Amino acid sequence: MITREENELLCRVEDGATMGRLMRQHWVPICLSEEVAEPDSDPVAARILGENLVVFRDSDGNVGVLDEACPHRGPSLVYGRNEEGGLRCLYHGWKMDVEGNVLEMVSEPAASGMAEKVKHKAYPVQEWGGMVWAYMGPQDAVPEFVPPRWAPTADVRVSIVKAIIPCNWAQILEGAI
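Below you will find a few notes about this structure. (Residues numbered from 1 in each chain as written. Predicted model: local features only at pLDDT ≥ 70, side-chain atom pairs only at ≥ 80, totals over all residues. Heavy atoms only, no water.)

### Points about the overall build of the chain
Assigned secondary structure in the chain consists of three helices and eleven strands. The helix and strand sequence of the chain, counted from the amino end, reads α-α-β-β-β-β-β-β-β-β-β-β-β-α. Overall size of the chain, expressed as C-alpha extent along the three principal axes, is 60 × 40 × 30 Å. The buried share among the 177 residues of the chain stands at 40%. With an accessible surface of roughly 10,900 Å², the chain has 53% of that area assigned to carbon and sulfur atoms. In the chain, 16 side chains carry a positive charge and 27 a negative one; their mean positions are 3 Å apart. (Helix = DSSP H or I, 4+ residues; strand = E, 2+ residues; numbered from the N terminus. Buried < 20%, exposed > 50% of the residue type's maximum accessible area, 1.4 Å probe, protein only. Areas by Shrake-Rupley, 256 points an atom, 1.4 Å probe, with all protein chains shown as cover. Lys, Arg positive; Asp, Glu negative; His and termini not counted. Charge placed at Lys NZ, Arg CZ, Asp CG, Glu CD.)

This is how it looks when you write it as structure tokens:
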């Protein structure tokens, strides 16, 4: 039996917790590719390692994983419009691309240069094995994506089942064993 402190150390992944920092040093599955299969389709919400994220595929087919809260006033980008190369917040119309660049601020004249001064939180993304993966660790040292052993090449056919289970990562792993 482990102590309460050991359990907290093992199970907590949010707000800079030790296990969360460890997990962020690896590429993490975010959602199924089929959930964002079509360019300019509806964005998808994801909650990973205590962070609320939004996933979308832009007009060119690139996938973005961004912080869910708009950098302007914080409304959810899950309700945003996915259009013409970016995700537009429905509150004040700011539009972000898959890399977190602010493409448009409809309330600011383009000449103001304000859009270039704001960068939204975005993560590097890789699609592989029918899943969207993101690297959520330090962005100054992004490791190369290494395919999972169950999908060693891009053309391997896999079957994936997604289940949302209200428990922490350690409980589901222990239960699966």
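What follows picks up the thread again.
### As for the sheet that holds strand E3 (residues 51–57)
Taken in spatial order, the four strands make up an open sheet running E2-E3-E4-E9, and their pairing is antiparallel. Of all strands in the sheet, those bounded by a partner on one side alone are strand E2 (44–48) and strand E9 (122–123). The pairing of E3 with strand E4 (residues 63–67) spans five bridges and is classified as antiparallel. Residue pairing in the sheet places Val 55 in a bridge with Val 65 of E4. (Pairing = 2+ DSSP bridges.)

### Topic: the pairing of strand E10 (residues 125–128)
Strand direction decides the pairing type here: E10 and strand E11 (residues 131–135), joined by four bridges, are antiparallel. Opposite Glu 127, over in E11, you have Val 132 as the bridge partner.

### Focus on the side chain of Asp 58
With respect to the helices and strands, Asp 58 occurs in the loop between E3 and E4. Beyond its immediate chain neighbours, meaning those up to four positions away, Asp 58 contacts Pro 39, Asp 40, Asn 82, Gly 85 and Val 98. (Contact = heavy atoms within 4.5 Å.)

### Section: the packing of aromatic side chains
Considering all chains together, one arrives at five aromatic pairs under this definition. An aromatic cluster is defined as three or more aromatic residues linked by ring pairs; in this entry it consists of Trp 27, Trp 128, Trp 133, Tyr 135, Phe 145 and Trp 150. (Phe/Tyr/Trp six-rings, centres within 6.5 Å; stacked < 30°, edge-to-face > 60°.)

### Some remarks on the side chain of Arg 57
The topology assignment puts Arg 57 in strand E3. Look at Arg 57 and you get buried, because its relative accessible area is 8%. With near-sequence residues (within four places) excluded, Arg 57 lies in contact with Ser 33, Val 36, Ala 37, Glu 38, Pro 39, Asp 40, Ser 41, Asn 62, Val 63, Asn 82 and Glu 127.

### So, a nonpolar patch on the surface
Together, Ile 165, Ile 172, Leu 173 and Ile 177 give the surface a local cluster of nonpolar side chains, amounting to about 420 Å² of exposed area. With respect to the helices, strands and loops of the structure, Leu 173 is situated in helix H3 (residues 169–176). A relative accessible area of 47% places Leu 173 in the partly exposed class. (Patch = residues over 30% accessible without salt bridge, like charges linked within 9 Å, V, L, I, M, F, W, Y side chains within 5 Å. Salt bridge = Lys/Arg side-chain N within 4 Å of Asp/Glu carboxyl O.)

### A look at unusual backbone geometry
Despite not being glycine, Leu 49 has its phi angle at roughly 50°, a positive value. With respect to the secondary-structure elements, Leu 49 resides in the loop between E2 and E3. Looking at Leu 49, the relative accessible area reads 13%, which means it is buried. Phi is positive for Glu 84, close to 40°, though the residue is something other than glycine. Relative to the helices and strands, Glu 84 is located in the loop between strand E5 (81–83) and strand E6 (86–88).

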